[in-house]
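Here are the chains, one letter per residue:
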Amino acid sequence: MKTSDFYFDLPQELIAQDPLEDRSSSRLLVLDRETGEIRHQIFKDIAAYLNPGDCLVVNDTKVIPARLFGTKVGTDAKIEVLLLKRKENNIWETLVKPGKKAKPGTKISFGEGLLMGEVIDVVEEGNRLIQFSYEGVFEEILDQLGQMPLPPYITHQLKDKNRYQTVYAKHDGSAAAPTAGLHFTPELLEEIQRKGIKIAHVTLHVGLGTFRPVKVEDVTEHHMHSEFYIVEEDQAKLINDTKKNGGKVISVGTTSCRTLESATDENGILKAGSGWTEIFIYPGYQFKMIDHLITNFHLPESTLLMLVSALAGKENIMNAYETAVKERYRFFSFGDAMFIV
């Protein structure tokens, strides 16, 4: 299976640069994976496709304002730091630009010394380990100094940083939003629950590796980045009971999907717990837990496009994407949604 098999031509102007004012007014392409049939809806109509006894699984991770702008102590050279993974003792794995100014021993000042960082090591792919020192609460300082780490294809400045958070975001830790969830409003979630559909929460902290291009031509040789997930005991029970009672499990986004598929055993039982997942789902994969998927429109040749192709069939997906381009759907993080039923 070749990476180039997942290429499609995407006009630049279809990349959504700004979120819609009303989250749930985005368009929704509904794809039947058995027949390949396509319907065009509005996202707020999604409740019509869900049945009492079904379970919607959302990822309640929260994006941290992980982009910091500082100056190198001694030269005042400008340095940009992106927080990727929290380690112990206030150490973070980071992406630093320009990297050549950040050799081990380099000290960086943020917010005129409100936050200080020292580069202590260089790790894989040129990432830096930085140890931070500060007075007070790190999260509060980050909220004051940091910016939302928007994906590289979004060039507009975000006016309201809450628009790059889901309305149910709870646990700090992501460098990118689980974007399929951005379409839900509190009102829509209430309507769904009133209909007798349960909502379960899992957590997967999304890393920037989610935007990493597949650079090998043979799909199977691509190495996935690792991401940390948590499945609580009561939520695992809720999801397992749904299956046992004949309900459908609907994953909101590829991150919820990867969490569920990572934590489900060969007998189709979801196990509570936490850990790191490097699961790479591409055509040929047998799904153990999810029945349906709500997702956005993904980049050509991306691992996310491969995941949805594994669920709906590559031919169905490529045809749906061709239709979406023709119908001028909006693509990527702030774009429209697809529901694979």
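You'll find the structure just up there.
For the structure given in this document, a descriptive report is provided here. (Residues numbered from 1 in each chain as written. Predicted model: local features only at pLDDT ≥ 70, side-chain atom pairs only at ≥ 80, totals over all residues. Heavy atoms only, no water.)

## Digging into the overall build of the protein chain
- On a plain count of helices and strands, the protein chain comes out with six helices and 17 strands.
- Taking 341 residues into account, the globule formula puts the C-alpha radius of gyration at 20 Å, and the protein chain, at 20 Å, falls close to it.
- Projecting the C-alpha coordinates of the protein chain onto the three principal axes gives extents of approximately 65 × 45 × 40 Å.
- Within the protein chain, the fraction of its 341 residues that count as buried is 53%.
- Partitioning the contacts of the protein chain with sequence separation of at least 6, the portion at a separation of at least 24 is 70%.
- Accessible area of the protein chain: about 15700 Å², with a carbon and sulfur share of 47%.
- Computed over 39 positive and 48 negative side-chain charges, the separation of the two mean positions in the protein chain equals 2 Å. (Helix = DSSP H or I, 4+ residues; strand = E, 2+ residues; numbered from the N terminus. Rg over C-alpha atoms; globule rule 2.2 N^0.38 Å. Buried < 20%, exposed > 50% of the residue type's maximum accessible area, 1.4 Å probe, protein only. Contact = heavy atoms within 4.5 Å. Areas by Shrake-Rupley, 256 points an atom, 1.4 Å probe, with all protein chains shown as cover. Lys, Arg positive; Asp, Glu negative; His and termini not counted. Charge placed at Lys NZ, Arg CZ, Asp CG, Glu CD.)

## Describing the pairing of strand β14 (residues 249-252)
- Burial along β14 is two-sided: Val-249 and Ser-251 and Ile-250 and Val-252, pointing in opposite directions, are all buried.
- Relative to β14, strand β3 (residues 55-59) runs parallel, the two sharing three bridges. Within β14, the residue paired with Cys-55 across the bridge is Val-249.
- Relative to strand β16 (residues 292-296), β14 is paired through three bridges, and the arrangement is parallel. Looking at the pairing, Val-252 lines up with Ile-294 of β16. (Pairing = 2+ DSSP bridges.)

## Notes on the pairing of strand β17 (residues 337-340)
- Residue alternation in β17 divides its side chains into two sets, Ala-337 and Phe-339 and Met-338 and Ile-340, and both sets are buried.
- The pairing of strand β1 (residues 27-31) with β17 spans four bridges and is classified as parallel. Within β17, the position partnered with Leu-29 by the bridge is Met-338.
- Note that β16 and β17 share four bridges and pair antiparallel. Directly across from Ile-294, in β17, lies its bridge partner Phe-339.

## Observations concerning the sheet that holds β14
- A sheet is described by the order of its strands in space; here nine strands give the open sequence β2-β1-β17-β16-β14-β3-β12-β13-β15, paired in mixed fashion. Looking at which strands have only one partner, the edges of the open sheet turn out to be β2 (38-42) and β15 (273-277). Neighbour to neighbour, the strand axes of the sheet diverge by 25° on average, direction disregarded.
- Helix α3 (residues 233-244) contacts β3, β12 (198-204), β13 (227-231) and β14 of the sheet and is inclined by roughly 130° relative to β12.
- Strand contacts of helix α6 (residues 314-326): β1, β2, β16 and β17, with the helix running at about 150° to β1, the strand carrying the most contacts. (Axes fitted to C-alpha atoms, helices over the stretch in contact; angles between N-to-C directions.)

## Some thoughts on the packing of helix α5 (residues 303-312) against α6
- Closest axis-to-axis distance for the α5/α6 pair is 7 Å, and the angle between their directions is 120°. Taken together, α5 and α6 sit at an angle that is classed as oblique. Facing α5, whose interface residues are Leu-305, Val-308, Ser-309 and Ala-312, α6 presents Lys-314, Asn-316, Ile-317, Met-318 and Tyr-321.
- In the contact of α5 with α6, the residues fall into six nonpolar, two polar and one charged. (Parallel < 35°, antiparallel > 145°, perpendicular 65-115°, else oblique. Nonpolar A, V, L, I, M, F, W, Y, C, P; charged D, E, K, R; others polar.)

## Comments concerning the layout of surface pockets
- When its volume is computed, the largest pocket comes out at roughly 1200 Å³.
- Ranked by residues supplied to the lining of the largest pocket, first place goes to strand β6 (residues 78-86) with five residues.
- Across the lining of the largest pocket, the residue classes break down as 19 nonpolar, 13 polar and 13 charged.
- Here the lining of the largest pocket spans two domains, since at least three of its residues come from each of domain 1 (1-61 + 158-338) and domain 2 (65-145). (1 Å grid on protein atoms, 1.4 Å probe; cavity = no way out; pocket = protein on both sides within 12 Å on 5 of 7 lines; lining within 4 Å. Points joined across faces, edges and corners; volume = space filled by probe spheres on them. Domains from an automatic or database assignment.)

## Considerations on the pattern of salt bridges
- All told, the structure shown has 13 salt bridges when counted by the stated rule.
- A salt bridge links Glu-139 to Arg-86, with the nearest nitrogen and oxygen atoms 2.7 Å apart. Residue Glu-139 is located in helix α1 (residues 138-145), and its partner Arg-86 is located in strand β6; the two are separated by 53 residues in the primary sequence.
- Accessibility expressed as a relative area gives 32% for Glu-139, which makes it partly exposed.
- The exposure class of Arg-86 is partly exposed, given its relative accessible area of 48%.
- Here Lys-288 ties to Glu-266 by a salt bridge, and the two come within 3.9 Å at their closest N and O atoms. Of the two residues, Lys-288 sits in the loop between β15 and β16 while Glu-266 sits in the loop between α4 (253-263) and β15, which places them 22 residues apart along the sequence.
- On the basis of relative accessible area, Lys-288 is assigned to the partly exposed category, the value being 24%. (Salt bridge = Lys/Arg side-chain N within 4 Å of Asp/Glu carboxyl O.)

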